[in-house]
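Summary of the model geometry
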Amino acid sequence: MLIPTAIVRKVNMTQLASITNNHFSFECCCGQTSLVPVTAFIQKFELEATVDEVVAKARCSKCRLKNMAESRIVFVGGSGEAMPNTATKQASLPSD
Ligand SMILES: [Zn+2]
């Protein structure tokens, strides 16, 4: 039995802003699976939305139910796609 690395089964307060390179993988009770980029949820909600909130609001595109059997955060894409974006836009306070 495979054990996914990041099953969202409990409260996950990770903010979408920190996982923009990832996707949500949903598996519905009806068997429908979907892979949705985190950026799509950021457009719907906001950067401060948490994984927990998104999972709670996610709706199956087939049966329209919110009852997802499984939700995962997955990383899709090669290493070449990783942006060298380590310098975040933190406010630079003039210290002196
Ligand atoms: Zn469904």
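Now for a look at the structure at hand. A quick note: this is a predicted structure, and the numbers were derived from the prediction, not measured.

**Quick word on the overall build of the protein**
- Along the protein, the regular secondary structure elements total two helices and three strands.
- The secondary structure elements of the protein, listed N-terminal to C-terminal, are β-β-α-α-β.
- Burial analysis of the protein (96 residues in total) assigns 17% to the buried set.
- Sequence-distant contacts, at least 24 apart, represent 70% of the contacts inside the protein between residues at least 6 apart.

**Digging into the nonpolar core**
- By size, the foremost hydrophobic cluster in this structure holds eleven residues: L16, F24, F26, C28, F41, V51, V54, V55, C60, M68 and I73.
- Elements represented by at least two residues in this core include exactly β1 (22–28), α2 (51–57) and β3 (68–75).

**So, the sheet that holds strand β2 (residues 33–37)**
- Pairing is antiparallel across the open sheet formed by three strands, whose spatial order is β2-β1-β3. One side of each edge strand has no neighbouring strand; the edge strands of this open sheet are β2 and β3. Averaged over all adjacent pairs, the angle separating strand axes in this sheet is 20°, with direction ignored.
- The sheet contact formed by β1 and β2 spans five bridges and is antiparallel. Bridging across to β2, F24 finds its partner in V36.

**A short note on the pairing of β1**
- Buried residues dominate β1, accounting for six of its seven residues.
- Judged from the seven bridges that link them, β1 and β3 form a sheet pairing that is antiparallel. Of the residues in β3, the one forming a bridge with N22 is F75.
- With antiparallel pairing between neighbouring strands as the criterion, β1 and β2 make up a hairpin whose turn holds four residues, including G31 at a positive phi of roughly 100°.

About the criteria used
- Residues numbered from 1 in each chain as written.
- Predicted model: local features only at pLDDT ≥ 70, side-chain atom pairs only at ≥ 80, totals over all residues.
- Helix = DSSP H or I, 4+ residues; strand = E, 2+ residues; numbered from the N terminus.
- Buried ≥ 20, exposed ≤ 12 C-beta atoms within 10 Å, placed from the backbone.
- Contact = placed C-beta atoms within 7 Å.
- Core = buried A, V, L, I, M, F, W, Y, C linked by C-beta atoms within 7 Å.
- Pairing = 2+ DSSP bridges.
- Axes fitted to C-alpha atoms, helices over the stretch in contact; angles between N-to-C directions.

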